[in-house]
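# Reading the structure
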Amino acid sequence: MTLDRATPMVKFAGVTKRYGRLTVIDGLDFAIAHGEKVALIGPSGSGKTTVLRMLMTLERIDGGVIWVEGEPLTHVERGGRLVPADARHLRRVRGKIGMVFQHFNLFPHMTALKNCMEAPMTVLGLPKHQAAERAAELLDMVGLAGKKNHYPSQLSGGQQQRVAIARALAMRPKVMLFDEVTSALDPELVGEVLNVIRKLGAEHDLTMLMVTHQMGFAKEFADRIAFFHRGKIEEEGKPEEFFGNPKNERTRQFLRAVLDAV
Amino acid sequence: MLWDWGYALEILPVLGQAAIITIEATLLGFAMAAVLGLVFAILRMLGPAVAWPVSMLIELVRSTPLLIQIFFLYFVLPKFGVTLDAFTAGVLALGLHYATYCAEVYRAGLENIPRGQWEASIALNLSLYTTFKDIILPQAIPPVVPPLGNYLVALFKETPLLSAIAVLELMQTAKILGSETFRYVEPITLVGALFLAMSLVSAALIRQVERALGRRFVR
C-alpha cells in the first residue's frame, strides 16, 4: 500500500449508525485530508458527536467502512472482501487517533503527570523516565508545568482539560478528536483551552476534527466547516464561504439561532 | 461451683492452639473469597456467554446453606475421585461461599465507575487488562473495602461450621474437651469470649484500613 498526502487521513464511506430504530448517521461519506482541521457543527442530536465516537471506536458502526490512512478501521481486507477485524488490528489502527472529551475523563487517582504517562508506558512500552520526560514536556506545552504533581480534583476545569489534551498527545496521534471540549467549562476558562488548541494547530502537523459550539473559534481555526443535520452533512465549505454565504436554508436557520443566542 | 478457674486455665492453651486453626481457616477462606469474588464480578462483565454460567453458579451457591456445601466438598467429591482433607475442604467451601457475596460487592464498586473512564481508556488504546489493573480497579476497590470487611467478620464467625467435618478449630476443640470431662461451661464460654475478642480486634483493624484508604483516595 502506498501512502501519500493525497490519501485522505480519514474517510467515512457510506457509514451508518443506528440506535434501535433510530438512524443517527445515515450513509455518511466524508473525507478529511492530512493535516486538515474540520469543525463539525449542528443542532444537538444531529450526529456530529457520534461521528467522532465512531472514529474512536467507542461506537460500533452498523454499515459502511471507516478508513484511516487508507486502511479500514474496523475491518480487514481478506480475499478482496472486507471482514470485521480482530482486536489487534483495531488497536493498531486506533493508535493513530487521540480524543479529548467534553467531561475530560482524567484518571482521578493519578497525578497530571501520571495521567500522561500511563498509556505511553503500558501501550507503547516507553521506559518510565522517558514517559515522564515526554509527559512533562507536554504539560509544559499546555502551560501546566507547575501542576505536574496535582491530582485532577486539585485543578480547575480548564486545567483538567489541558491535561487531557496533553494526555492524548502523549500517544503521538495523527488525528485528534475534540468533542465539545469547552462545553463543560466556565466561560472564563474557555479561552485557555482554545489557545492550547490554536497552538497545536499552528505547531503540529495534526489532523483535527472538532465538534464545537464556539462558532467564532470554528470560523477562525478550521479549514472547513461541516454542518450536520439528522445524521447527514447538510452543507460544508470553507469558513468564510460557510458563514458568509450559507446556501442551505437549514444552515441559515441554525446560524441565525446560535448567533442570536450569543 | 459453676465456673472452675483451674479447669479454664488448663484448657486455655489447647483452645489457643485451636484459635490458630480458626484464624488460618478465616484468612485462607477470605483470601480465596476476595480473589474469586473479583474474578466472578469481572467475568460477569465480559458479555452474556461468560456471564450466564457464572451467574448460575453464584445463584446456586448463594441459595444453598454453607453447611451443605462443606459436606458436599468433604463427603461427596471423593465419590468423583477428588479427596480433600477436612481443613482444605472447609476452607474451599468458605471461600467459594463468600466469593459469591464478595462478587456482588465488587460489582457495585465496578458499576460506580463512570463510563468516561472506560472511554478514556479505549481512546488511549489501553488493553483490557491494563484498563482493569491501572484504571478501573484502583478506583472501584477502595470504596468497597468496608463491605468486604464485614464479610471477613461474617466468614470468621461461620468457621465453627467446620466442626461438622471435624476440623480442629475452636468449636470442635471445645466440643471434644467437653465430651472428655463433661464440663461444657468453661470451653464453650471461652470459645465465645475468644470469638468476641477476635471480632472486635478485626473490626478495629478494618476501620484502620478504611481510614488509610480514605486518606489515599479522597483528595
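Look above for the structure.
Report follows, based on the coordinates. Positions within a chain are numbered from 1, following the residues in the order the chain's sequence is written. Numbering of ligands from 1 and lettering of chains from A proceed in the order in which they are written. Where totals are concerned, whole chains, interfaces and linings use all residues; where local detail is concerned, this predicted model gives features only for residues with pLDDT of at least 70, and gives and counts side-chain atom pairs only at 80 or more. With hydrogens and water excluded, all non-hydrogen atoms of the structure serve as input to the side-chain values.

### Structural notes on the nonpolar core
Each nonpolar core is a collection of buried residues, namely Ala, Val, Leu, Ile, Met, Phe, Trp, Tyr and Cys, held together in the definition by side-chain atoms within 4.5 Å. Using a 1.4 Å probe on the protein chains alone, a residue whose accessible area is under 20% of its type maximum counts as buried, one over 50% counts as exposed, and one in between counts as partly exposed. Counting residues in each nonpolar core, the largest one holds 81 residues, and the members touching the most others are Phe 12, Phe 30, Leu 40, Leu 55, Leu 177 and Leu 209 of chain A. Note on contacts: a residue pair qualifies if any of its non-hydrogen atoms lie within 4.5 Å across the two residues. When near neighbours in sequence (up to four residues on either side) are disregarded, Leu 209 of chain A contacts Phe 30, Ile 32, Val 38, Leu 40, Leu 52, Leu 55, Met 176, Leu 177 and Phe 178 of chain A.

### Thoughts on the layout of surface pockets
As defined here, a cavity is a set of points on a 1 Å grid over the protein atoms alone where a 1.4 Å probe fits but cannot get out. A pocket is an open set with protein on both sides within 12 Å along at least five of seven lines, and residues line them when an atom is within 4 Å of a point. Grid points are joined across faces, edges and corners, and a volume is the space filled by probe spheres set on the points. Looking at the largest pocket, its volume works out to about 790 Å³. What lines the largest pocket is a set of 27 residues, and nearest its centre among them are Thr 57, Arg 60, Leu 90 and Arg 94 of chain A together with Ile 122 of chain B. Each helix is a run of H or I in the DSSP string that is no shorter than four residues. Each strand is a run of E no shorter than two, and both are numbered from the N terminus. Counting only elements with at least two residues in the lining of the largest pocket, the list comes to strand E4 (63–68) and helix H2 (87–94) of chain A together with helix H5 (115–123) and helix H6 (128–140) of chain B. The element contributing the most residues to the lining of the largest pocket is H5 of chain B, with five residues.

### Description of the packing of helix H4 (residues 86–111) of chain B against helix H7 (residues 145–158) of chain B
The axes of two packed helices give the description: the angle between them and the distance between them. Residues and elements named next belong to chain B. Whenever a helix is involved, its axis is fitted only over the stretch in contact; in every case the axis is a line through C-alpha atoms, and angles between N-to-C directions fall within 0 to 180 degrees. Running from N to C, H4 and H7 cross one another at 160°; their axes reach a closest spacing of 10 Å. As the angle between them shows, H4 and H7 are arranged roughly antiparallel. You can see that H4 and H7 cross each other, and the crossing is right-handed. Facing Leu 94, Tyr 98, Tyr 101, Cys 102, Val 105 and Tyr 106 of H4, the residues of H7 in contact are Pro 147, Leu 148, Tyr 151, Ala 154, Leu 155 and Glu 158. Polarity classes work like this: nonpolar for Ala, Val, Leu, Ile, Met, Phe, Trp, Tyr, Cys and Pro, charged for Asp, Glu, Lys and Arg, and polar for all others, with Gly in that last group. Class assignment for the residues of the contact of H4 with H7 results in eleven nonpolar, no polar and one charged. Working rule for angles: under 35 degrees goes down as roughly parallel, over 145 as roughly antiparallel, 65 to 115 as roughly perpendicular, anything else as oblique. Crossings are classed by handedness, with left-handed meaning an anticlockwise turn of the near helix from the far one by less than a right angle and right-handed meaning a clockwise turn.

### Regarding the pattern of salt bridges
Salt bridges, as used here, are contacts in which a Lys or Arg side-chain nitrogen is within 4 Å of a carboxyl oxygen on Asp or Glu. One pass over the full model with this rule turns up 19 salt bridges over all chains. A salt bridge links Glu 69 of chain A to Lys 96 of chain A, with the nearest nitrogen and oxygen atoms 3.0 Å apart. Taken as a pair, Glu 69 of chain A in the loop between E4 and strand E5 (71–72) and Lys 96 of chain A in the loop between H2 and strand E8 (97–100) lie far apart in primary sequence, 27 residues in all. Residue classification places Glu 69 of chain A among the buried residues on the basis of a relative accessible area of 7%. With a relative accessible area of 17%, Lys 96 of chain A lands in the buried category. Among the ionic pairs, Glu 236 of chain A bridges to Arg 224 of chain A, the shortest N-O distance being 2.5 Å. Of this pair, Glu 236 of chain A sits in strand E12 (residues 232–237) while Arg 224 of chain A sits in strand E11 (residues 224–229), and the two are twelve residues apart along the sequence. Shared partners join several salt bridges into a network, and the residues in it are Lys 17, Arg 53 and Glu 59 of chain A together with Arg 115 and Glu 119 of chain B.

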